[in-house]
Amino acid sequence: MSDGIEDVVGVLTEQIERRFEMSMDELTAAVAAAPDANPEATDVVKWHGLLTESQAALQRAEDDLLAALQTQPSEVDDPTMTLAHRVTAAVTTRDGRAMVVRWLLDPSAPGKKDLAAERLARLGRGAPRGPAVHTSAPARPATAPTTGRGVLR
């Protein structure tokens, strides 16, 4: 069976290899050797691995469904419908992971500029940042407000 996008992993793998100018195996080895050297490459390798796993799960689910359908009479039973739902879930998972890989490969994708600034700040290359939460108590007003004023009882 095929949903028309069977080679999505192959297409994205080619795009990754062009982007990083090395084979997927070389990139994976480079990331394994120095995972902090290039956060973009690390993210792409991680999500490519997840994409590959989901493609394999989809293929197994499709094979199981096809085998079940070949033994069915004219009506599909509940176990076969469960297999069909498994295929649908596997397609959704694979497509979602493919979208993440596409987003990671697109330098002008929405949110990328903010993400790059955040990474730079985390690595200490951006502007110095203070604590996210104030660490001292706020100043007390000179006179405490009167509570209960204007409240009818």
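Note that the structure is a prediction, hence the values are computed from the model and not measured.

Q: Provide a residue-level description of the overall build of the chain, including the pertinent values.
A: Check the secondary structure of the chain and you find five helices and zero strands. Sorting the 153 residues of the chain into buried and exposed places 23% on the buried side. Of the roughly 11100 Å² of accessible surface on the chain, a fraction of 57% belongs to carbon and sulfur atoms.

Q: Residues and numbers for the packing of aromatic side chains, please.
A: For the coordinates displayed, the defined rule picks out zero aromatic pairs. Between Arg-19 and the ring centre of Phe-20, over which it is positioned, the NZ or CZ distance is 5.1 Å.

Q: Describe helix H3 (residues 39-71), with residues and values.
A: For H3, which comprises 33 residues, the first-to-last C-alpha distance of 49 Å matches the rise-based estimate of 48 Å (1.5 Å per residue) to within 8%. Those residues of H3 not exposed but buried are Ala-41, Val-44, Val-45, His-48, Leu-51, Ser-54, Gln-55, Leu-58, Ala-61, Glu-62, Leu-65 and Ala-68. Tucked inside the fold, the buried residues of H3 contact helix H1 (8-20), helix H2 (24-33) and helix H4 (78-105). Capping the start of H3, Asn-38 holds a side-chain oxygen 3.1 Å from the backbone nitrogen of Glu-40, two or three residues further along.

Q: Lay out the environment of Met-22 in plain terms, naming residues and giving numbers.
A: Here Met-22 shows up in the loop between H1 and H2. Residue Met-22 is classed as partly exposed on the basis of its relative accessible area, which comes to 29%. In this view, Met-22 contacts Glu-17 and Leu-27; residues no more than four positions away in its chain are not counted.

Q: Report on the pattern of salt bridges, specifying residues and quantitative values.
A: With the rule as written, the count across this model stands at three salt bridges. With a closest N to O distance of 2.7 Å, Asp-95 and Arg-94 form a salt bridge. The exposure class of Asp-95 is partly exposed, given its relative accessible area of 25%.

Q: Now, about H1: what can you tell me, with residues and values included?
A: Between its first and last C-alpha atoms H1 spans 18 Å; for 13 residues at 1.5 Å apiece the expected length is 18 Å, and the two agree. Within H1 the residues assigned to the buried category are Val-8, Val-9, Leu-12, Thr-13, Ile-16 and Phe-20. One side of H1 carries all its buried residues, which in axial view fall inside an arc of 125 degrees. Elements in contact with the buried residues of H1: H2, H3 and H4. At the C-terminal side of H1, Glu-21 shows a positive phi close to 55 degrees.

Conventions used here
- What you see as residue numbers is a count from 1 along each chain, following the sequence as written.
- Two thresholds apply to this predicted model, a pLDDT of at least 70 for residue-level local features and 80 or more for giving and counting side-chain atom pairs, whereas whole-chain, interface and lining totals are computed over all residues.
- To get the side-chain values, take all heavy atoms of the structure and skip hydrogens and water.
- Helix and strand definitions here come from DSSP, where helices need a minimum of 4 consecutive H or I residues and strands a minimum of 2 consecutive E residues; each element is numbered from the N-terminal end.
- Burial status follows relative accessibility: with a 1.4 Å probe on protein chains alone, a residue under 20% of its type maximum counts as buried, one over 50% as exposed, and anything between as partly exposed.
- Shrake-Rupley sampling with a 1.4 Å probe provides the accessible areas, and residues are treated as covered by the protein chains on show and by no other component.
- In summary, the pairing rule links any two rings of Phe, Tyr or Trp, Trp by its six-membered ring, whose centres are within 6.5 Å, and it sorts them by plane angle into stacked for under 30 degrees, edge-to-face for over 60 and tilted for everything else.
- Two conditions define a charge sitting above a ring: the NZ of Lys or the CZ of Arg must be within 6 Å of the ring centre, and it must be within 35 degrees of the ring normal.
- Residue count minus one, scaled by 1.5 Å, sets the expected span of a helix.
- By definition, residues are in contact when any of their heavy atoms lie within 4.5 Å.
- Here a polar contact is recorded for every N or O atom pair within 3.5 Å, except that within protein the pair must consist of a potential hydrogen donor and a potential acceptor, and residues adjacent in sequence are included only if both atoms are side-chain atoms.
- Salt bridge criterion: a side-chain nitrogen from Lys or Arg within 4 Å of a carboxyl oxygen from Asp or Glu.
- To obtain the arc, one takes the directions from the helix axis to the C-beta atoms.

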